[in-house]
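Spelled out, the chains give:
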Amino acid sequence: MRSRQRMFAAVMRLLLKCLRLGRRRRFKLVRQVEQLWHYGHLCLRSLLYNSFTNGDVVLDSLFEPVYWLVDHVTRWFGVVFVALVIGLTSSIVAIVYICLLPLILQTYTPAWICWHLAYGHWNLIMIVFHYYMAITTSPGHPPQTKNDLTGVSICRKCIAPKPARTHHCSICNRCVLKMDHHCPWLNNCVGHYNHRYFFSFCLFMTMGCIYCSISGWEMFRDAYAAIERMKLLEKERLQVAANQTYYQTPPPTFSFRQRAFHKSVVYLWVLCSSVALALGALTLWHAALITRGETSIERHINRKERQRLQKKGKVSTAHSMGAGWGRAKHDVPLPVLQVFRNPYSYGSWDNWKVFLGVDVPRHWLTRVLLPSPHLPHGTGLSWDLPPCVMEQRAPLLAI
């Protein structure tokens, strides 16, 4: 009897020990899973954490595959875009010479003929010259070796010195001096040495398209009405043929030359008007940037920096210039916050003079209104005061 009780007690102790051991192992396993979960969560947070993260950073991260695709597609299709620009421009010039110029010589007065010949050929020369220079001129690249430049940073992609206003182009895969953007229509970057050529091409191309649209408005209306009459007469001719009424005289048809002439005029006006609107808006945008002494990239950087300084209370949100001390109602001096200003801006008028390379008054004719391959001010490595700027404004808060 006692042996049975001892055996039963031993079995019960063994069962309790097994249950206790299983419970400990189960709790230990749960604790290990929790620790792994917290550790993984902490690692993920540490990898993704950034104090500068905002909505723009999240959008840029989401669109990174799209940016990669655009960079690689643009690199290969640049030649196609250049060929498209040359082809469309050549078609417009051919239509003007073949279709419109004979009509102008026959119907216009000698004064208007001289005006159209002079302005049209001048505009065409300016377009061809600046487009050729924009696609063949290198935008400028920083040296790959160390130099004595002050305030030079290191490009994270090139692992080379990067002067001020220099940015890396992911399409060209190298840094560009005073980079504005990579233009697929040029198959080239717009930078320090070809920025003027790019803007001049946009400006004169817009002027030429507006000139063609305004001059060809009456011709466009007549050609459009003629095409509508063609369609109507063609419809009537088909109806006559279907009814087989041979006693009726079929309506007259337009010749191939007449059809080609009217359709060419409509094509010219529609293409020039569309380009004038699209390219005109781009030209106005770049003109505003030049007036402020900025590039497209610098505008984004300056806007972000201005917002950051405004949040810290270091700059004023007002557009008034100057810095000093104001006074409250009880003559208590209050600090007047400084106004953020682009350090590479010399004033609206001087910015245009620096951009166009106008040092003396005659340069407005020889360097702006006539084709000129003169180089811009500076080397793109340092930004000293240009000689055409007479005096520098008082330095305000800037980056």
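Residues numbered from 1 in each chain as written. Predicted model: local features only at pLDDT ≥ 70, side-chain atom pairs only at ≥ 80, totals over all residues. Heavy atoms only, no water.

J.: Residue-level account of the packing of aromatic side chains, with values.
T.: Under the criterion given, the structure shown has 16 aromatic pairs. With 5.8 Å between their ring centres and 50° between their planes, tyrosine 119 and tryptophan 122 make a pair best called tilted. Taken as a pair, tyrosine 119 and tryptophan 122 lie in helix H4 (residues 110–136) at a separation of 3 residues, close to a single helical turn. Look at tyrosine 119 and you get buried, because its relative accessible area is 14%. Taken together, a centroid distance of 4.2 Å and an interplanar angle of 15° make the contact between phenylalanine 220 and tryptophan 269 stacked. Note that phenylalanine 220 is positioned in helix H6 (residues 217–243) and tryptophan 269 in helix H7 (residues 256–291), a separation of 49 residues in sequence. Residues phenylalanine 220 and tryptophan 269 agree in their burial class; the two are buried. Connected via pairs of aromatic rings, a cluster forms that spans Trp115, Tyr119, Trp122, Phe204 and Tyr211. The ring of tyrosine 344 carries arginine 165 above its face, with NZ or CZ at 4.3 Å from the centroid. If you follow arginine 165 out to its NZ or CZ, it ends over the ring of tryptophan 383, 4.7 Å from the centre. (Phe/Tyr/Trp six-rings, centres within 6.5 Å; stacked < 30°, edge-to-face > 60°. Helix = DSSP H or I, 4+ residues; strand = E, 2+ residues; numbered from the N terminus. Buried < 20%, exposed > 50% of the residue type's maximum accessible area, 1.4 Å probe, protein only. Lys NZ or Arg CZ within 6 Å of the ring centre and 35° of its normal.)

J.: How would you summarise the UniProt feature "transmembrane region" (unreviewed entry) in the protein chain if you had to cite specific residues and measurements?
T.: In the numbering used here, UniProt assigns the feature "transmembrane region" (unreviewed entry) to residues 76–100, 112–133, 197–220 and 265–288. As annotated, residues 76–100 has a helix share of 100% and a strand share of 0%, and its two end C-alpha atoms lie 37 Å apart. In the segment residues 197–220, helix accounts for 96% and strand for 0%; the C-alpha atoms at its two ends are 32 Å apart. (UniProt positions renumbered as here; feature names shortened; annotations may be inferred.)

J.: For the pattern of salt bridges, give the residues involved together with the corresponding values.
T.: In the structure shown here, the tally under the stated rule is 4 salt bridges. With a closest N to O distance of 2.6 Å, arginine 165 and glutamate 298 form a salt bridge. Remark: glutamate 298 occurs in helix H8 (residues 296–312) and arginine 165 occurs in the loop between strand E2 (161–162) and strand E3 (167–169); sequence separation between them is 133 residues. Overall, the relative accessible area of 11% leaves arginine 165 in the buried class. Of the residues examined, glutamate 298 reaches a relative accessible area of 6% and is grouped as buried. As a salt-bridge pair, arginine 308 and glutamate 305 come within 2.4 Å of each other at their nearest N and O atoms. Of this pair, arginine 308 and glutamate 305 both sit in helix H8, separated by 3 residues, roughly a single helical turn. A residue is classified by how much of its surface remains accessible, and arginine 308, at 32% relative accessible area, is partly exposed. (Salt bridge = Lys/Arg side-chain N within 4 Å of Asp/Glu carboxyl O.)

J.: Kindly report on unusual backbone geometry, identifying the contributing residues and their values.
T.: We note that arginine 165 has phi near 70°; this positive angle belongs to a residue other than glycine. Of note, lysine 178 is a non-glycine position whose phi angle comes to about 45°, a positive value. As for its position among the elements, lysine 178 is in the loop between strand E4 (174–176) and strand E5 (181–183). Since its relative accessible area comes to 14%, lysine 178 is described here as buried.

J.: Quick rundown of the layout of surface pockets? Include the residues and the values.
T.: Space inside the second largest pocket adds up to approximately 1,000 Å³. In this structure, the second largest pocket is lined by 42 residues; those nearest its centre are Thr89, Ile92, Ile127, Met205 and Cys209. Among the secondary structure elements, those contributing two or more residues to the lining of the second largest pocket are helix H3 (64–107), H4, E5, helix H5 (195–215) and H7. The class makeup of the residues in the lining of the second largest pocket is 32 nonpolar, 10 polar and no charged. (1 Å grid on protein atoms, 1.4 Å probe; cavity = no way out; pocket = protein on both sides within 12 Å on 5 of 7 lines; lining within 4 Å. Points joined across faces, edges and corners; volume = space filled by probe spheres on them. Nonpolar A, V, L, I, M, F, W, Y, C, P; charged D, E, K, R; others polar.)

J.: Kindly report on the nonpolar core, identifying the contributing residues and their values.
T.: In globular proteins that are soluble, nonpolar side chains generally tend to be buried together. Counting 37 residues, the largest nonpolar core has Tyr131, Leu186, Phe198, Phe201, Met205, Leu268 and Cys272 as the members making the most contacts within it. Every element with two or more residues in this core is listed here: H3, H4, H5, H6 and H7. For this core, the element with the highest residue contribution is H5, accounting for 9 residues. Judged by nonpolar contacts, the second largest core, of 8 residues, contains Phe199, Ile290, Leu356 and Val358. (Core = buried A, V, L, I, M, F, W, Y, C linked by side-chain atoms within 4.5 Å.)

J.: Which residues make up the side chain of histidine 192, and what values go with them?
T.: The residue histidine 192 is located in the loop between strand E6 (188–190) and H5 in this model. In this structure histidine 192 comes out as buried when scored by relative accessible area, which is 5%. Side-chain polar atoms of histidine 192 contact the backbone oxygen of glycine 378, separated by 3.2 Å. (Polar contact = N/O pair within 3.5 Å; in protein donor to acceptor, adjacent residues only side chain to side chain.)

J.: Talk me through a nonpolar patch on the surface; I want residue IDs and the actual numbers.
T.: A cluster of nonpolar residues, Trp68, Leu69, Val73, Trp76, Phe77 and Val80, forms a patch on the protein surface that exposes about 680 Å² of accessible area. Taking relative accessible area as the criterion, valine 73 reaches 35% and is therefore assigned partly exposed. (Patch = residues over 30% accessible without salt bridge, like charges linked within 9 Å, V, L, I, M, F, W, Y side chains within 5 Å. Areas by Shrake-Rupley, 256 points an atom, 1.4 Å probe, with all protein chains shown as cover.)

J.: Please give an account of H7 that cites residues and values.
T.: Across its 36 residues, H7 extends 51 Å between first and last C-alpha, which sits within 8% of the 52 Å expected from 1.5 Å per residue. Backbone geometry just downstream of H7 places glycine 293 in the positive-phi region, at approximately 70°. (Expected span 1.5 Å × (residues − 1).)

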